Amino acid sequence: MNDKIYPRTSDNQTVYLKNVVTNANIEIGDYTTYNDFVHDPLDFEKNNVLYHYPINKDKLKIGKFCSIACGAKFLFTSANHKMRSLSTYPFPIFLKNGDSM
């Protein structure tokens, strides 16, 4: 796999995703493409990978030779709130390791 961003000349809507993503917790296989005709496809992480906070150490792994459609969203566990609690506010994010509420 080379460092080429755009697989086709004169097409700035489709990118090789592996050469665009910078987050170490997002692994993209070779030749996987992403097409975005609404936003800049270079902003894939900002627009399509939601609630991916480093503190949770979640990983996103996308295989080789995949094709990701415009507007596809990847949601992580931080998007969920406990419903059995007094509040859905995420109080635990303020705890230090080993602390309890």
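Refer to the structure presented above.
Everything numeric in this text was worked out from a predicted model, so none of it was measured.

Novice: What is the right way to look at the environment of Ala-69 in this model?
Specialist: Mapped onto the fold, Ala-69 is located in the loop between strand S6 (67-68) and strand S7 (74-75). As a C-alpha pair, Ala-69 and Asp-36 span 33 residues in sequence and 7.2 Å in three-dimensional space.

Novice: Explanation requested: the sheet that holds strand S3 (residues 33-35) in the structure shown.
Specialist: The strands that make up a sheet are held in pairs by hydrogen bonds between backbone atoms, and each pair lies either parallel or antiparallel. Here we have three strands laid out as an open sheet, ordered S1-S3-S6, and mixed in their pairing. Of all strands in the sheet, those bounded by a partner on one side alone are strand S1 (14-16) and S6. Where S1 and S3 come together, three bridges link them in antiparallel fashion. Opposite Tyr-16, over in S3, you have Thr-33 as the bridge partner.

Novice: How should I be thinking about the side chain of Asp-30 in this particular structure?
Specialist: The residue Asp-30 is located in the loop between strand S2 (26-28) and S3 in this model. Discounting residues that sit within four places of it in the chain, Asp-30 has contacts with Met-1, Lys-18, Lys-64 and Phe-65.

Novice: Would you take a moment to explain a nonpolar patch on the surface for this structure?
Specialist: Nonpolar side chains collect at one region of the surface, where Tyr-51, Tyr-53, Ile-55 and Leu-75 lie side by side and expose about 450 Å² of accessible area between them. In this structure, Tyr-51 sits in the loop between strand S4 (49-50) and strand S5 (60-62). The class of Tyr-51 is partly exposed, set by a relative accessible area of 39%.

Novice: Teacher, can you tell me more about the packing of aromatic side chains here?
Specialist: Given two aromatic rings, one states the distance between the centres and the angle between the planes to describe the pair. The final tally for this structure, using the stated rule, is four aromatic pairs. Taking 5.9 Å as the distance between ring centres and 80° as the angle between the ring planes, the aromatic pair formed by Tyr-16 and Tyr-31 counts as edge-to-face. Of this pair, Tyr-16 sits in strand S1 while Tyr-31 sits in the loop between S2 and S3; the two residues are 15 residues apart in sequence, bridging distant segments of the chain. Geometrically, the ring pair formed by Tyr-34 and Phe-44 is edge-to-face, given 4.9 Å between the ring centres and 65° between the ring planes. Taken together, the residues Tyr-34 in strand S3 and Phe-44 in helix H1 (residues 44-48) connect sequence positions ten residues apart. Neither Tyr-34 nor Phe-44 differs from the other in exposure class; each is buried.

Novice: Help me understand the pattern of salt bridges, please; the structure alone is not making it clear to me.
Specialist: Two side chains of opposite charge can pair, provided their charged atoms sit close to one another. Here the structure, examined in full by the defined rule, presents two salt bridges. When the shortest N-O distance is used, the salt bridge between Lys-18 and Asp-30 registers 2.6 Å. Linking Lys-18 in the loop between S1 and S2 with Asp-30 in the loop between S2 and S3, this pair joins segments that are twelve residues apart in sequence. Given a relative accessible area of 39%, Lys-18 falls into the partly exposed group.

Reading the values: the criteria
Residues numbered from 1 in each chain as written. Predicted model: local features only at pLDDT ≥ 70, side-chain atom pairs only at ≥ 80, totals over all residues. Heavy atoms only, no water. Helix = DSSP H or I, 4+ residues; strand = E, 2+ residues; numbered from the N terminus. Pairing = 2+ DSSP bridges. Contact = heavy atoms within 4.5 Å. Patch = residues over 30% accessible without salt bridge, like charges linked within 9 Å, V, L, I, M, F, W, Y side chains within 5 Å. Areas by Shrake-Rupley, 256 points an atom, 1.4 Å probe, with all protein chains shown as cover. Salt bridge = Lys/Arg side-chain N within 4 Å of Asp/Glu carboxyl O. Buried < 20%, exposed > 50% of the residue type's maximum accessible area, 1.4 Å probe, protein only. Phe/Tyr/Trp six-rings, centres within 6.5 Å; stacked < 30°, edge-to-face > 60°.

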